[in-house]
Amino acid sequence: MNDLLRLLPPIRRARGARLYAADGRRFLDLWLDDGRGILGERDRATRTHAANAADKGLTRPYPGLYDRRFEKAAVAMWPGFGTVRLFSSERAALEAAERVLGSAPTVVDTAAPRKPSDPVASHPLALARPLAAIPDDIDIAMPRLPCPRPYAPYCLMARAGSPAAAALETETGELVPAQSTFAAARGLASVESAVRDGYGEESWARFDRRLGAFFERSGPYLIARIGPDRHEEFFEAALEGGALVSPRFGAPSVVPADFDDGELVKLARSLGKLARE
C-alpha cells in the first residue's frame, strides 16, 4: 500500500477532500486515509476539540471524563453494540479480539457488499465504518472512526447480549488520552450532522452518474471494478485523472462530502482510457 502512495507527488497541504501538491497539481481525495477523513472540511470541529483538549493538558493516558461520552457516541452510531473497550493501538485491539474470539480474527470490511457466493468467514471481526451496516451474524467490531489519524483511538465493541459481549467485558482495555476520545466523539456526532445536511443517497448517486462504470458503491463506499492484477494501473490512472483512490486492492474509496462534476469528468475520462486499453 505504501509503495503506491509514494506515486503521489509531495503534498504541501490538504483541505477537506482536496490535496495540493508541491508541483501545483490538485487531487480529489477519495481514499481519505482509509475513511478516517470521511468528514472532509467538517473535521475542523474534530481538530478544534482535539486542540481544546490539548490546551487542558489532556494528552496523557489518564482516566478521563470523556471516555463515557465516546462510548455513547459509538453506540449511537452502531445501535445494538453496547460493550466498548478502548485501546492505544490497532495491534492491541486485534490481540484483544483474538482473546474474545478464541482464535485469530478474520476482518470483514463492512464497506464491501457481501454476496451470497462469498465464503463465511471464520471468527469474523467487522471493520465497522460509519453509514455501513454491520452484518447480523457478526457480534464484535472494530470501528474505523471519522477522526484524523493522530487523534483517533482504537476500540472494540460487541453486540449486546452476545457471547462476544460477555467475553469483551472481561477485557480491561487500555487508558488512552482524553484528547482522543474527546475528538473521536465529536467526529461521530459530525457524521450525523453531515447526513442531516445532505450527505446521503442523493449526493452519492451524483457520483454514480459519472463513475458507476468504474466503482461498485455501497452507501458512500466505493469498490473498484477491477481485478488485483490491474489495481496498480487503476491507481495510476486515477492519479492521472486528478484523484487519489484507495491504494489497497479491495479496500474502499469514499464518496467525499464535496466534489464537482468537472473533477468527476476528468477522472472518468482517465479511467475510461484505461478500460479501453
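Higher on the page you've got the structure.
Residues numbered from 1 in each chain as written. Predicted model: local features only at pLDDT ≥ 70, side-chain atom pairs only at ≥ 80, totals over all residues. Heavy atoms only, no water.

> If you had to explain the sheet that holds strand β12 (residues 253-254) to someone new, which residues and values would you point to?
Strand order in the open sheet made by the three strands is β9-β10-β12, with antiparallel pairing throughout. Both edges of this open sheet fall to β9 (215-218) and β12, since each of them pairs with a single strand only. Pairing of β9 with strand β10 (residues 221-224), which is carried by four bridges, proceeds in the antiparallel orientation. Bridge pairing in β10 places S218 opposite Y221. (Pairing = 2+ DSSP bridges. Helix = DSSP H or I, 4+ residues; strand = E, 2+ residues; numbered from the N terminus.)

> Go over helix α7 (residues 201-211), please, and point to the residues and values.
Along α7, the residues classified as buried are S203, W204, F207 and L211. Taken end-on, α7 shows its buried residues confined to a sector of 95°, consistent with a single buried face. Looking at α7, the residues exposed on the side facing more than 90 degrees away from the buried face are E202 and R209. Among the structural elements, β9, β10 and α9 (261-276) are those in contact with the buried residues of α7. (Buried < 20%, exposed > 50% of the residue type's maximum accessible area, 1.4 Å probe, protein only. Arc of directions from axis to C-beta. Contact = heavy atoms within 4.5 Å.)

> Outline the packing of α7 against α9, supporting the account with residue identities and numerical values.
Remark: α7 packs on α9, axes separated minimally by 9 Å, with the N-to-C direction vectors making an angle of 35°. Between α7 and α9 the crossing geometry is right-handed. Across the interface between the two elements, R206, F207, R210 and L211 from α7 touch D261, L264, V265, L267, A268 and L271 from α9. (Axes fitted to C-alpha atoms, helices over the stretch in contact; angles between N-to-C directions. Left-handed = near helix turned anticlockwise from the far one by under 90°.)

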